[in-house]
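Chain by chain, the residues run as shown.
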Amino acid sequence: MYGELIPVGGGDTIPLMKKVLMVGRRESCDIVLRFANVSAHHAQLSVNGGYWYVRDLKSRNGVKVAGFRVIEKRIDPGDVVAFAKHKYRLKYSPVELGAVGPPPPDVADADIFKKSLLERAGLEKRTIDDVEVQIVYDEEDFDLEEEDDDDD
């Protein structure tokens, strides 16, 4: 076992039996949360460098770690992770999962600088093709008469 999710407020503990787990409402998920506000494929939990990470899979109601909505984030031992409004405390030992030295970055993606802040926040880049531009001007604002090029 690689750790466990303990429901905040009581309930059955969920053992984390694999290093990569799908969380969602569908029966095909590794961790099935049968709640209407949990998306079919809500999030992915994975171990990297001895630490658990969560990645929101574009869920409708989001994922929070320690009360902050995240797209992807490291979950430290004892942190509370919420899928929609359903909160669980994550219990595990980084050392037992192979951690050595200080904790790794909050985001597991080593190529973090290849994405803009907007992309990492889940917001799409907007291009000029995405925006309809309408230019409105009054002809009186412009002097459209031709000038003489004669040097008198």
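Please refer to the structure placed before this passage.
Residues numbered from 1 in each chain as written. Predicted model: local features only at pLDDT ≥ 70, side-chain atom pairs only at ≥ 80, totals over all residues. Heavy atoms only, no water.

### Digging into the overall build of the protein
- A count of helical and extended segments in the protein gives one helix and 11 strands.
- When the helices and strands of the protein are placed in sequence order, the string is β-β-β-β-β-β-β-β-β-β-β-α.
- A burial count over the protein gives 31% of its 152 residues as buried.
- Across the protein, every contact between residues at least 6 apart in sequence was considered, and the portion connecting residues at least 24 apart equals 38%.
- Put simply, the protein shows about 11,000 Å² of open surface, and 50% of that area lies on carbon and sulfur atoms. (Helix = DSSP H or I, 4+ residues; strand = E, 2+ residues; numbered from the N terminus. Buried < 20%, exposed > 50% of the residue type's maximum accessible area, 1.4 Å probe, protein only. Contact = heavy atoms within 4.5 Å. Areas by Shrake-Rupley, 256 points an atom, 1.4 Å probe, with all protein chains shown as cover.)

### Examining the nonpolar core
- Judged by nonpolar contacts, the single largest core of 27 residues is most densely connected at L5, I31, L45, W52, V54 and F83.
- Mapped onto this core, the elements with two or more residues apiece are β3 (20-24), β5 (43-48), β6 (51-56), β7 (63-65), β10 (80-83) and β11 (86-91).
- Per-element tally for this core: the top contributor is β6, with four residues.
- Once residues within four sequence positions are removed from consideration, F83 is found in contact with L5, V23, L33, V38, H42, A43, L45, V54, G62, V63 and Y88. (Core = buried A, V, L, I, M, F, W, Y, C linked by side-chain atoms within 4.5 Å.)

### Let's talk about the sheet that holds strand β9 (residues 72-75)
- Strand order in the open sheet made by the five strands is β4-β3-β5-β6-β9, with mixed pairing throughout. This sheet does not close on itself; its edge strands, each paired only once, are β4 (31-32) and β9.
- For β5 and β6, the ladder comprises six bridges, and the chain directions are antiparallel. The residue of β6 that forms the bridge with A43 is D56. (Pairing = 2+ DSSP bridges.)

### Digging into the side chain of D56
- Of note, D56 is situated in strand β6.
- Here D56 occupies a buried position and makes no salt bridge, while the nearest side chain of opposite charge, R69, is found at 4.4 Å.
- A polar atom in the side chain of D56 sits 3.2 Å from the backbone nitrogen of K58.
- Filtering out sequence-adjacent residues up to four positions away, D56 remains in contact with H42, A43, G62, V63, R69, V70 and I71. (Lys, Arg positive; Asp, Glu negative; His and termini not counted. Salt bridge = Lys/Arg side-chain N within 4 Å of Asp/Glu carboxyl O. Polar contact = N/O pair within 3.5 Å; in protein donor to acceptor, adjacent residues only side chain to side chain.)

### Quick look at the pairing of β6
- Among the six residues of β6, five are classified as buried, and the element is accordingly described as predominantly covered.
- Between β5 and β6, which pair antiparallel one after the other, the connecting turn spans two residues, and G49 there sits at a positive phi close to 65°.
- Relative to β9, β6 runs antiparallel, the two sharing four bridges. Within β9, the residue paired with W52 across the bridge is I75.

### Structural notes on the sheet that holds strand β2 (residues 14-15)
- Sheet architecture is open: six strands sit in the order β2-β1-β11-β10-β7-β8, paired in antiparallel fashion. Two strands in the sheet have a free side with no partner beyond their single neighbour: β2 and β8 (68-70).
- Two strands pair when backbone bridges link them, and β7 and β10 are joined in this way by three bridges, in the antiparallel orientation. The residue of β10 that forms the bridge with V63 is F83.

### Notes on the packing of aromatic side chains
- Within the structure shown, the criterion is met by two aromatic pairs.
- Here the aromatic rings of Y51 and Y92 are separated by 6.5 Å at their centres, their planes lie at 85°, and the arrangement is edge-to-face. Residue Y51 is found in strand β6, and its partner Y92 is found in the loop between β11 and α1 (117-120); the two are separated by 41 residues along the sequence.
- When its relative accessible area of 9% is taken as the criterion, Y51 is described as buried. (Phe/Tyr/Trp six-rings, centres within 6.5 Å; stacked < 30°, edge-to-face > 60°.)

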